[in-house]
Amino acid sequence: MPSKSLTSKEEASAPGYKKSKDRVSLLVCVNASGTDKLPLLLIGKSKKPRSFKNIIVNSLPVKYRNQKSAWMNSEIFEKWFHDGFVPHVKQHLAHLNLPPKAVLLIGNAPCHAEEKMLTSGEIRAIFLPSNVTSLIQPMDQRVIEAMKRHYKKKLITHILKCEENLNGALKKINVKDIIYMVAQAWQLVKAATIRKSFHKIIVQKRREDESQQTENPPTDGELFEIINGIEGCEEVLDEDIFNWLEIENQHPSFQILNDEEVIQAVDPSSDINDADNEDQDFEDLRGCP
C-alpha cells in the first residue's frame, strides 16, 4: 500500500489525522497502433459506492469491479478477458473487416488467470517472461506513467478550484469524480506514445514512428506550481512532488497473500463483504493516486 500521500504539514500533524491505507487497482489495455483504447478496468472495495446512487454503473467510462482488498485476482482477470476484452476486440476487428484473431500480451503476475484459461477461438493471451516483463511490457514504457501524470494534474487542479484547504477539498471528492478524471486522463495519452511503447516487441515499426509526436505529460515543475497554489501546500518541496509521482512504483502491482487471504481464496464462503464505505475505499486514490 502507498505509504505517502499529498498532505499538508498542518494536516499531517493535526489531532485525529489518520494515514490512509486504502487503494484501488487499474487495468490498462490498448492495441499496438494506439487506435483502440479499451475502457479502463477499475477495482475498488465497495460493491456499490454511495456516489453510484441513481446512476447506471454500465454507463460509467470505466468497467468497475469490486474485491475486498481492491486487488486484481485471477477470477476478475478471467472474467474481464472473456466478457470485456474478447467482445471488444471482435467488434473492433469486424469494423475493420479483419478476422477475429488477436494476441493479448500480459505480464507474468500471479493475479492473472492461467494462460490456458485465457483463450477464445483465435483470440488468446501470451505471458511475457517474468524476468523481463518490466523491461519490455509495452504499458510500462511510459504509457501508464503518462496517464498517471495527466490524472494527477486533473486531481490537483480540481482541488485548487475547490477554494478550500487540501483536507476539505479531498473530502468532497467521491468515487464517481475519480472515475471520470482517470478516464479522461487515459484518453489524453497519445497514440504515438502507445506505438513507441511497443518498439521493444515490434521492432519493424520503430523507424516509421520516430517522426511522430510523442507524449508531453505534465512536468514536475508544472505540477509543483499547481500544488503550491493549494491552501496548506505552499511549502511543498520538489522532493515531495517527486515522491508523490513515483510512489506507486515502490509497491508491488499485485497482492501478496497472507495465510488468511490464501484460505479465503480457496474457500470463497469465508469471505465477508464489508459494508460499502466510499470514504475508506478511495482515500488513497484521492491523496496518492
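- Looking up the protein in an unreviewed UniProt entry gives the name Jerky-like, with the organism given as Araneus ventricosus.

**Notes on the overall build of the protein**
Then comes step 1: For the protein, the helix and strand inventory stands at 13 helices and six strands.
Then comes step 2: Residues classed as buried in the protein amount to 42% of the 289 residues present.
Then comes step 3: If you take every contact in the protein between residues at least 6 apart in sequence, the share linking residues at least 24 apart comes to 66%.
Then comes step 4: Only carbon and sulfur atoms are counted for the fraction: they give 51% of the accessible area of the protein, which is about 16,200 Å².

**Quick look at the pattern of salt bridges**
Then comes step 1: Evaluation of the coordinates by the stated rule reveals four salt bridges.
Then comes step 2: For Lys 79, the salt bridge identified is with Asp 83, shortest N-O distance 2.8 Å. Residue Lys 79 and its partner Asp 83 are both found in helix H2 (residues 74-95); the two are separated by four residues, about one turn of the helix.
Then comes step 3: A relative accessible area of 45% means that Lys 79 is categorised as partly exposed.
Then comes step 4: Look at Asp 83 and you get partly exposed, because its relative accessible area is 49%.
Then comes step 5: Of the charged contacts in the structure, one is a salt bridge between Glu 145 and Arg 149, with a shortest N-O distance of 3.6 Å.

**Here we look at the environment of Lys 68**
Then comes step 1: Topologically, Lys 68 is positioned in the loop between strand E3 (63-66) and H2.
Then comes step 2: Looking at Lys 68, the relative accessible area reads 30%, which means it is partly exposed.

**Some thoughts on the sheet that holds strand E5 (residues 119-120)**
Then comes step 1: Sheet architecture is open: three strands sit in the order E4-E6-E5, paired in mixed fashion. Looking at which strands have only one partner, the edges of the open sheet turn out to be strand E4 (101-106) and E5.
Then comes step 2: Judged from the six bridges that link them, E4 and strand E6 (residues 122-127) form a sheet pairing that is parallel. Bridge assignment links Ile 106 to a residue of E6, and that residue is Phe 127.

**Quick notes on the packing of aromatic side chains**
Then comes step 1: Summed over the entire model, instances satisfying the criterion amount to four aromatic pairs.
Then comes step 2: Between Phe 77 and Trp 80, the aromatic rings sit 5.5 Å apart at their centres with planes inclined by 50°, giving tilted as the arrangement. Here Phe 77 and its partner Trp 80 are both found in helix H2, three residues apart, which amounts to about one turn of the helix.
Then comes step 3: The buried category is assigned to Phe 77, whose relative accessible area is 2%.
Then comes step 4: Measuring from centroid to centroid gives 5.6 Å for Trp 80 and Phe 85, while their planes differ by 40°, and the two rings are tilted.
Then comes step 5: Looking at Trp 80, the relative accessible area reads 9%, which means it is buried.
Then comes step 6: Judged by relative accessible area, Phe 85 falls into the buried class, the value being 5%.
Then comes step 7: Pairwise contacts between aromatic rings join Phe 77, Trp 80, Phe 81 and Phe 85 into one cluster.

**A few points about the confidence of the model for the protein**
Then comes step 1: Of all residues in the protein, 71% have pLDDT values of 70 or greater, and the mean over the chain is 77.
Then comes step 2: Between residues 13-17, whose pLDDT stays under 50, and residues either more than four places distant or in other chains, the model counts four contacts.
Then comes step 3: Every residue in residues 270-276 scores below 50 in pLDDT, and together they form eight contacts with partners more than four places removed in sequence or on other chains.

**Considerations on the packing of helix H4 (residues 143-161) against helix H6 (residues 175-188)**
How two helices pack is summed up by the angle between their axes together with the distance between the axes.
Then comes step 1: Following both chains from N to C, one finds H4 and H6 inclined at 135°, their axes separated by 8 Å at the closest point. By the angle between their axes, H4 is oblique relative to H6. Where H4 crosses over H6, the two elements pack in a sense that is right-handed. In this structure, H4 uses Val 143, Met 147, His 150, Tyr 151, Lys 154, Leu 155 and His 158 to contact H6, whose residues at the interface are Ile 178, Met 181, Val 182, Gln 184, Ala 185, Trp 186 and Leu 188.
Then comes step 2: Residues belonging to the contact of H4 with H6 are distributed by class as follows: 10 nonpolar, three polar and one charged.

Conventions and cut-offs
Residues numbered from 1 in each chain as written. Predicted model: local features only at pLDDT ≥ 70, side-chain atom pairs only at ≥ 80, totals over all residues. Heavy atoms only, no water. Helix = DSSP H or I, 4+ residues; strand = E, 2+ residues; numbered from the N terminus. Buried < 20%, exposed > 50% of the residue type's maximum accessible area, 1.4 Å probe, protein only. Contact = heavy atoms within 4.5 Å. Areas by Shrake-Rupley, 256 points an atom, 1.4 Å probe, with all protein chains shown as cover. Salt bridge = Lys/Arg side-chain N within 4 Å of Asp/Glu carboxyl O. Pairing = 2+ DSSP bridges. Phe/Tyr/Trp six-rings, centres within 6.5 Å; stacked < 30°, edge-to-face > 60°. pLDDT = per-residue confidence, 0-100. Axes fitted to C-alpha atoms, helices over the stretch in contact; angles between N-to-C directions. Parallel < 35°, antiparallel > 145°, perpendicular 65-115°, else oblique. Left-handed = near helix turned anticlockwise from the far one by under 90°. Nonpolar A, V, L, I, M, F, W, Y, C, P; charged D, E, K, R; others polar.

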